[in-house]
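# A closer look at the structure
Single-letter residue listing:
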Amino acid sequence: MDFAGVNGGGSVDASSAEKDFVQCEKIVREWARSALEEEIEGDGHTLQDLLFFLHVPRTGGRTYFHCLVKKVYGAALECPRSYDKLRFDPRKPKCRLVATHDDYSIMSMLPREKTSVMTVLRHPVDRVFSAYEFSVEVASRFLVHPNLTSATELTKRIRAKHKGVSTLDIWPWKYLVPWMREDLFARRDARKMKGLSYVNSNDSYNVEEMAMPLHQFINEPVVLDTVHNGATFQVAGLTNNSYLAEAHDVRHCVQKFTILGEHVLQVAQKRLDNMLFVGLTEKHRESAKMFVNVVGPQVISQIASDSSMEGLSKIKSVTEQNSLLSDSELDSNYHQDGTSDQKTTENVSTENLEGIKKNMTVEKIMEEYKACISPLRNSQSVRRTNSLREISPANFSKEARLLVPDTVLQQIRSLNSLDLRLFKYAEGIYAKQNERMHELVTTVSYYLGEIPHTILFASTYILFGDMLLDVQLG
């Protein structure tokens, strides 16, 4: 590596940079070696006692979790305070589902050999757009207050009265939103000083009088540390929210010497290989159907084999209650403590279990999924529109993204080189999952005769290879 140009200096700077690189290389290599050694070899496609949904921000994970994963599991099996790192406790009896923005390092708190991991990834450029839009949107909600002091003080009082988890508690928004909120108030104050009451612009991503432009956002230190290559760092367990003591040093070494990112990428790819399921935002509905087909039967089998069967009587009723939640209730409960659904546990009969199983078909869950995502997305759209009124003419949309200059898009791609490669790798895993599922369905159909177009996990379990399929025979 040529260090002569580092920091624009001569031999002294080059020598210092070379020493820094050698030290960083040692730090990153040692971490990568340890991380790879910790990876348990085995069948990652078999569901273990606990499922950890590693929720990468801005991948549609909220929709995926509420409208699909929770439908399969039921709220009674969700670990309490999943999204709250400060108060998360995985030791609850019969806790089977953890969903959180925490990175992979949370595995240090979980029984690794008894934990399966799943995630959903999104194309990095679209994820950066979405992170920018969401940061501005949430921060702009505070502009109804007369000044920043009023907004922050009221927020503190409200949060002190409520035990639930808000967006301001969750990584990375606990860093991005307060920072963006301060910037929005500063720009509003500047407009008042200039006497500007209205701003006209055709580019929603570059209205600097109203909000921080996208081209500025992507170069800010907090964004460099939380958004760019965020999926790779999250799967590797190296975010600034990590449980690992060495995460800060490793992450900053990689950010300083990008060539060292190869080691982080290797660990992230290995972990994707070992995951139970990898979905893609761009194939959200197809991913949902695959999840139900691949993971659903194993969940039912797991529940059926649970000797204690505690809490199963709550699954069906809680799931039905979730499907009837109003838009506002679902939005307010997104990051709330799930313990209210878990206070009552009681034994159930085999008859009740069979009733649950008969109601959990792929077709039924997919129908509920479609019925759930429509009002949820409509609610999100309405809330975004109302929030962005405070900074009009900023009006984010797919059409508005097309106006962003290629130079900005290229910079985003450059800043997210690791995520681009990880996403490409995930596409390959997704394709293999899809092929594997169809091969199993075809083989089972051959041996058992014609079965319905959609696999139904209702009454008969069939073990084929290493996949447990639950089918309803004609």
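As a reminder, the structure under discussion sits directly above these lines.
Notes on the structure follow. Small disclaimer: the values here were computed from a predicted structure and weren't measured. (Residues numbered from 1 in each chain as written. Predicted model: local features only at pLDDT ≥ 70, side-chain atom pairs only at ≥ 80, totals over all residues. Heavy atoms only, no water.)

### Some thoughts on the overall build of the chain
The following threshold applies: Numbering goes from the N terminus for both helices and strands, where a helix is a DSSP run of H or I of at least four residues and a strand is a run of E of at least two. The contact rule is simple, with two residues in contact once any of their heavy atoms fall within 4.5 Å. Each accessible area value is a Shrake-Rupley result obtained with a 1.4 Å probe; residue values ignore everything except the protein chains displayed when judging cover.
A tally of helices and strands in the chain yields 18 helices and six strands. Considering only intrachain contacts with a sequence separation of at least 6, the fraction spanning at least 24 residues in the chain is 79%. For the chain, the computed accessible surface area is about 22000 Å², with 50% contributed by carbon and sulfur atoms.

### Focus on the sheet that holds strand β4 (residues 277-280)
Strand pairing in a sheet is mediated by backbone hydrogen bonds. Such pairs are either parallel or antiparallel. Rules: Paired strands, in this sense, are two strands between which DSSP finds at least two bridges. As a rule, the C-alpha atoms of each element are fitted with a line to give its axis, helices using only the stretch in contact, and angles between N-to-C directions run from 0 to 180 degrees.
A sheet is described by the order of its strands in space; here four strands give the open sequence β2-β1-β3-β4, paired in parallel fashion. On the outer flanks of this sheet lie β2 (97-100) and β4, each paired with one strand and no other. With strand direction ignored, the average angle separating the axes of adjacent strands in the sheet is 15°. Note that strand β1 (residues 50-54) and β2 share four bridges and pair parallel. Bridge pairing in β2 places Phe 53 opposite Ala 99. Contacts from helix α11 (residues 284-304) reach β3 (115-121) and β4 within the one sheet, and its direction differs from that of β4 by about 160°.

### Digging into the nonpolar core
Our working rule: In plain words, nonpolar cores are sets of buried Ala, Val, Leu, Ile, Met, Phe, Trp, Tyr and Cys residues tied together by side-chain atoms within 4.5 Å. A 1.4 Å probe rolled over the protein chains alone gives each residue an accessible area, and that area as a share of the maximum for its type sets the label: buried under 20%, exposed over 50%, partly exposed in between.
With 77 residues, the main nonpolar core has Trp 31, Tyr 64, Leu 272 and Phe 291 as its most contacted residues. Those residues in contact with Tyr 64 that sit more than four places away from it in its chain are Phe 53, Val 69, Met 118, Val 120, Phe 277, His 284, Ser 287, Ala 288 and Phe 291.

### Concerning the pattern of salt bridges
In plain terms, the rule: By definition here, a salt bridge exists when the distance from a side-chain nitrogen of Lys or Arg to a carboxyl oxygen of Asp or Glu is within 4 Å.
Taken as a whole, this structure holds 18 salt bridges when the rule is applied. Between Glu 39 and Arg 112 there is a salt bridge, and its shortest N-O distance comes to 3.9 Å. Linking Glu 39 in the loop between α1 (11-38) and β1 with Arg 112 in the loop between β2 and β3, this pair joins segments that are 73 residues apart in sequence. As a salt-bridge pair, Glu 78 and Lys 70 come within 3.2 Å of each other at their nearest N and O atoms. Using a relative accessible area of 10% as the deciding quantity, one classes Lys 70 as buried. When salt bridges that share partners are traced, they join Asp 126, Glu 133, Glu 137, Arg 141, Arg 384 and Arg 401 into one network.

### As for helix α2 (residues 61-73)
We apply this condition: Helices are assigned an expected span. That span is 1.5 Å times one less than the residue count.
Relative to the 18 Å expected for 13 residues at 1.5 Å per residue, α2 spans just 16 Å between its end C-alpha atoms, considerably shorter than the ideal helical length. Of all 13 residues in α2, 13 are buried; the element is thus mostly enclosed.

### Remarks on the packing of helix α3 (residues 124-140) against helix α15 (residues 362-388)
Filter applied, for reference: In what follows, roughly perpendicular refers to angles from 65 to 115 degrees, roughly parallel to angles under 35, roughly antiparallel to angles over 145, and oblique to any angle outside these ranges. For any pair of crossing helices, the crossing counts as left-handed if the nearer helix is rotated counterclockwise from the farther one by less than a right angle, and right-handed if it is rotated clockwise. Ten residue types, Ala, Val, Leu, Ile, Met, Phe, Trp, Tyr, Cys and Pro, are classed as nonpolar, four, Asp, Glu, Lys and Arg, as charged, and the remainder, Gly among them, as polar.
Close contact between α3 and α15 brings their axes to 8 Å; oriented N to C, the two are set at 65°. Viewed along their axes, α3 and α15 adopt a mutual orientation that is roughly perpendicular. The hand of the α3/α15 crossing is left-handed. Counting all contacts with α3, which are made through Glu 133, Val 136, Glu 137 and Ser 140, the residues of α15 involved are Arg 383, Arg 384, Ser 387 and Leu 388. When grouped by side-chain class, the residues that make up the contact of α3 with α15 number two nonpolar, two polar and four charged.

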